Amino acid sequence: ASQQVQLMEVLKKEVRAMLIAAKAGLTPEQLEEQYMAMVCKPLPLRDLGFQSTLELVTQMPEVVRICSKNGTLILKAIADDSTKGIAKLVANQKVKTRKTSKKTATKANATFPPKNSKNPQSFQTLSARTPVLPATVKAELQDLLSSSPLLLADLGKAFLRRFGRAFQYRQYGFLSMFQVFRSMSDSIVVEQTKAGSLLVLRKYLASTIEQEEEPQGEAEEEEAPQGEAEEEEAPQGEAEEEEMPRGEAEEEEVHQGEAQEEEMPQDETQEEEMLQGEVCHFPLIPLQHQGFEQFPLTPEIPPDAVQDRRLCSLPPLRRRCLVGVIVEFAVSPSQFYIRICSTEESNKLQNLMFEMRHVYSHKVASDKYIMPESAVRPGQLCCVMVSSWWYRVIIHRVINDQEVEVFYADYGHLQIVQKSSLRFLKWHYLKLPAQAIPCSLAWIKPVEGTWSSSAILLFKHLCRFKELVGIVDEYVDGVLYLFLCDTSAKQDVYLHSVLRDMGYADVCGENIPSQEFEELNPSALYVQPSEKQGNAEVVEADLRLQLESQDADSETATLKQDGAE
């Protein structure tokens with residue numbers, strides 16, 4: 001009984017924190033999803049003797065207020081004395097984003113305190129920005145539209161059918177589906193038709209226009225034989241052949257006398273043409289009735305397989321510059337990984353994911369890059385498949401005969417995977433630097449010596465699924481120390497200030513080396529510094545929102561005294 005009481009008290013704090021962070025509240029189902037995402041285990045309903053989430057929250061009258069909106073139950077937080085400040089900040093979040101020109105949005109101005117100042121809160125207001133979708137979700141939406149355009153009204157069902165889960169856009173901070181696709185206007189177009197709003201992939205639209213303009217003979221050379229080209233006009237349902245069992249899919253794809261590409265089936269070729277706007281040319285080899293079993297797999301390692309090379313890191317950012325970032329993975333305020341949020345860099349990573357899926361998803365190509373046991377060793381750069389997508393990883397340690405722990409070079413986290421899901425990385429995929437940057441919040445330290453679970457949970461909520469503005473301070477032992485600012489509210493919210501105001505952190509005016517990164521920093525172990533890292537003059541990265549500050553003396557004179565501690 002005492003254990004249940006303790007568990008209930010901890011759960012009340014966690015539930016209150018999650019609901020406070022959601023301005024519009026959460027449905028019981030959304031609360032279950034967010035708890036699973038943040039704590040990495042389901043709500044302990046059975047341990048506490050409850051049958052449902054709704055039954056659980058009814059026993060928390062001092063924590064949860066149950067409302068009804070359009071027939072849907074909404075759970076909202078009841079703030080206590082320790083969380084009133086956070087609740088006020090969330091309540092001030094904007095419902096509508098301001099329309100600003102690209103020129104204005106990319107020239108956010110800030111002032112920077114001198115190094116000795118203990119008032120890192122005194123920055124000028126930064127321009128507000130809209131929520132952002134994770135790269136994997138963007139890739140899934142583009143993949144869904146790669147076969148054919150789709151009515152907005154049918155998107156929910158199509159997403160659920162393809163990926164096995166509902167498209168919960170609200171958990172990423174969006175208020176409507178139209179806001180989602182406005183944020184993806186560089187890749188998806190919303191056209192108005194008599195049947196309703198139609199979602200069209202821009203590259204699909206471009207390839208269609210090119211097909212209409214090209215002479216018939218040239219179009220046939222670029223795309224496919226006439227008989228196969230007709231498959232492109234098939235109903236949308238046929239685009240789901242990818243989900244068929246492999247045996248059935250191969251029977252559909254292999255026909256007598258038909259020329260097929262060695263490393264991909266025809267339906268994936270069409271998918272890549274629509275997504276990338278160009279055809280990846282592979283040697284054509286005729287297949288017989290027996291299918292791919294006609295081609296024996298060679299035990300030799302392919303010449304384009306990466307064996308003794310490492311990924312490079314991104315060039316270091318200049319001190320005092322501003323940069324849009326997404327926190328991809330967080331352990332604590334002293335140990336987290338960010339990814340630069342610029343259109344160019346995001347497109348490069350998405351294109352890499354599409355191309356890797358395009359190549360490795362076919363059995364012949366995938367089997368060609370199977371790693372022998374001798375190659376499965378710590379430090380080996382390779383790739384792994386997770387939920388039909390391929391990611392660049394480095395083997396961190398071998399667990400047993402079947403499992404290894406890998407480090408995701410573009411996202412920053414460690415995960416245990418099956419050896420059988422590993423493949424050699426093609427040499428071509430070395431070009432893009434590792435996108436994950438190890439970071440710590442600047443100028444703060446935990447009050448209790450180590451970060452409490454409440455402080456960690458709050459930090460994760462403050463930066464989850466948001467595009468933040470990072471203000472670069474310095475690098476210490478390969479770790480980037482920076483301030484993080486949420487500009488989606490009426491007033492800019494600095495994350496270190498929130499942790500201080502909640503009593504979780506002290507502002508110390510200097511950067512104390514992260515104890516967590518001292519114990520383990522996979523990025524420092526496996527990713528080699530950029531060639532520009534050792535140069536005396538650091539070349540400023542060409543990133544959106546990056547801005548060199550003015551001279552420190554002139555900035556000190558313009559600091560606002562209102563925010564001084």
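What you are looking at is a predicted structure, and each value in this text was computed from that prediction instead of being measured.

Undergrad: I tried to follow the overall build of the protein chain on my own but got confused; where do I start?
TA: Counting its secondary structure elements, the protein chain contains 21 helices and 20 strands. Each of the 565 residues in the protein chain was classed as buried or not, and the buried ones make up 48%. Accessible area for the protein chain stands at about 28,600 Å²; split by element, carbon and sulfur atoms hold 50% of it.

Undergrad: Just checking my understanding: could you explain the pattern of salt bridges for this structure?
TA: If the charged atoms of two oppositely charged side chains come close together, the side chains can form a pair. Scanning all chains against the criterion turns up 16 salt bridges. Two residues, Arg357 and Asp143, come together in a salt bridge whose shortest N-O distance is 2.8 Å. In this pair, Arg357 sits in helix α15 (residues 343-360) while Asp143 sits in helix α7 (residues 135-144), placing the two residues 214 residues apart along the sequence. Here Arg377 ties to Asp308 by a salt bridge, and the two come within 3.6 Å at their closest N and O atoms. With Arg377 in the loop between α16 (363-368) and β10 (381-386) and Asp308 in the loop between β7 (284-286) and β8 (322-332), the pair connects residues that are 69 residues apart, well separated along the chain. Owing to a relative accessible area of 33%, Arg377 belongs among the partly exposed residues under this scheme. Note on Asp308: relative accessible area 68%, which makes it exposed. One continuous salt-bridge network, built from bridges that share partners, spans Glu9, Lys12 and Glu62.

Undergrad: Is there a simple way to think about the sheet that holds strand β13 (residues 414-418) in this case?
TA: Remark on secondary structure: sheet strands pair via backbone hydrogen bonds, oriented parallel or antiparallel. The sheet built from five strands is open, its strands ordered β13-β12-β11-β10-β14 with antiparallel pairing. This sheet does not close on itself; its edge strands, each paired only once, are β13 and β14 (422-424). Each strand axis lies, on average, 50° off the axis of its neighbour in the sheet, ignoring direction. Here five bridges tie strand β12 (residues 403-408) to β13, and the two strands are oriented antiparallel to one another. Bridging across to β13, Phe407 finds its partner in Leu414.

Undergrad: Explain the pairing of strand β9 (residues 335-340) to me, please; I cannot follow it from the model alone.
TA: Side-chain direction in a regular strand flips from residue to residue, so the side chains alternate between the two faces of the sheet. Most of β9 is tucked away: six of the six residues are buried. In terms of strand pairing, β8 meets β9 through six bridges, oriented antiparallel. Directly across from Val325, in β9, lies its bridge partner Ile340. Taking the residues that link successive antiparallel strands as the turn, the β8-β9 hairpin has two residues. Relative to strand β15 (residues 437-441), β9 runs antiparallel, the two being bridged by three bridges. For Phe336, the partnering residue across the bridge sits in β15 and is Cys439.

Undergrad: What is the right way to read the state of the cysteines from this model?
TA: By definition, a disulfide is the covalent link that joins the sulfur atoms of two cysteine residues. Applying the stated criterion to the full structure yields zero disulfides. Unpaired in terms of disulfides, Cys382 finds its nearest cysteine sulfur in Cys383, a separation of 6.6 Å.

Undergrad: Explain the environment of Lys12 to me, please; I cannot follow it from the model alone.
TA: Here Lys12 lies in helix α1 (residues 2-21). The class of Lys12 is buried, set by a relative accessible area of 13%. When neighbours within four sequence positions are excluded, Lys12 is seen to be in contact with Gln59, Met60, Glu62 and Val63. Side-chain polar atoms of Lys12 contact the side chain of Glu62, separated by 2.6 Å.

Undergrad: Please clarify how a nonpolar patch on the surface should be interpreted in this entry.
TA: Together, Leu54, Ile66 and Leu73 give the surface a local cluster of nonpolar side chains, amounting to about 210 Å² of exposed area. Among the structural elements, Ile66 can be located in strand β1 (residues 64-69). According to the relative accessible area criterion, Ile66 is partly exposed, its value standing at 36%.

Undergrad: Honestly, the environment of Val376 in this entry has me stumped. Any pointers?
TA: Position of Val376 relative to the elements: it lies in the loop between α16 and β10. The exposure class assigned to Val376 is buried, which follows from its relative accessible area of 9%. Counting along the chain gives 28 residues from Val376 to Val404, while the straight-line C-alpha distance between them is 8.5 Å. Leave out the neighbours within four places in its chain, and Val376 touches Met371, Ile395, Val398, Val404, Lys419 and Leu422.

Undergrad: Please explain the pairing of β12 as it appears in this structure.
TA: Extensive coverage of β12 is indicated by the burial of five of its six residues. Taken together, the five bridges between strand β11 (residues 389-398) and β12 define a ladder with antiparallel strand orientation. In the strand pairing of β12, Val398 is matched with Val404. Counted along the chain from β11 to the antiparallel partner β12, the turn is four residues long. The loop that links β12 with its antiparallel partner β13 comprises five residues; one of these, Gly412, has a positive phi angle of about 95°.

Undergrad: Would you mind going over unusual backbone geometry with me for this structure?
TA: Excluding glycine, residues mostly have negative phi values, and the peptide bonds linking residues are mostly trans. The phi dihedral of Arg320 falls on the positive side, at around 75°, and the residue is not glycine. The residue Arg320 is located in the loop between β7 and β8 in this model. Although it is not a glycine, Ser387 adopts a positive phi angle of roughly 55°. Mapped onto the elements, Ser387 comes out in the loop between β10 and β11.

Undergrad: I keep staring at the packing of aromatic side chains and nothing clicks. Help me out?
TA: The relative placement of two aromatic rings is captured by the distance of their centres and the angle of their planes. Under the definition given, this model contains 13 aromatic pairs. Relative to Tyr169, the ring of Phe167 has its centre 6.2 Å away and its plane inclined at 50°; by these criteria the two rings are tilted. The burial state of Phe167 is the same as that of Tyr169; both residues are buried. Between Tyr360 and Tyr429 the ring centres are 6.3 Å apart and the planes differ by 50°, which places this aromatic pair in the tilted class. Residue Tyr360 is located in helix α15, and its partner Tyr429 is located in the loop between β14 and β15; the two are separated by 69 residues in the primary sequence. Residue Tyr360 is classed as buried on the basis of its relative accessible area of 1%. An aromatic cluster is defined as three or more aromatic residues linked by ring pairs; in this entry it consists of Phe159, Phe163, Phe167 and Tyr169.

What counts as what
Residues numbered from 1 in each chain as written. Predicted model: local features only at pLDDT ≥ 70, side-chain atom pairs only at ≥ 80, totals over all residues. Heavy atoms only, no water. Helix = DSSP H or I, 4+ residues; strand = E, 2+ residues; numbered from the N terminus. Buried < 20%, exposed > 50% of the residue type's maximum accessible area, 1.4 Å probe, protein only. Areas by Shrake-Rupley, 256 points an atom, 1.4 Å probe, with all protein chains shown as cover. Salt bridge = Lys/Arg side-chain N within 4 Å of Asp/Glu carboxyl O. Pairing = 2+ DSSP bridges. Axes fitted to C-alpha atoms, helices over the stretch in contact; angles between N-to-C directions. Disulfide = S-S within 2.5 Å. Contact = heavy atoms within 4.5 Å. Polar contact = N/O pair within 3.5 Å; in protein donor to acceptor, adjacent residues only side chain to side chain. Patch = residues over 30% accessible without salt bridge, like charges linked within 9 Å, V, L, I, M, F, W, Y side chains within 5 Å. Phe/Tyr/Trp six-rings, centres within 6.5 Å; stacked < 30°, edge-to-face > 60°.

None of the figures reported here should be taken as evidence of function without further support.
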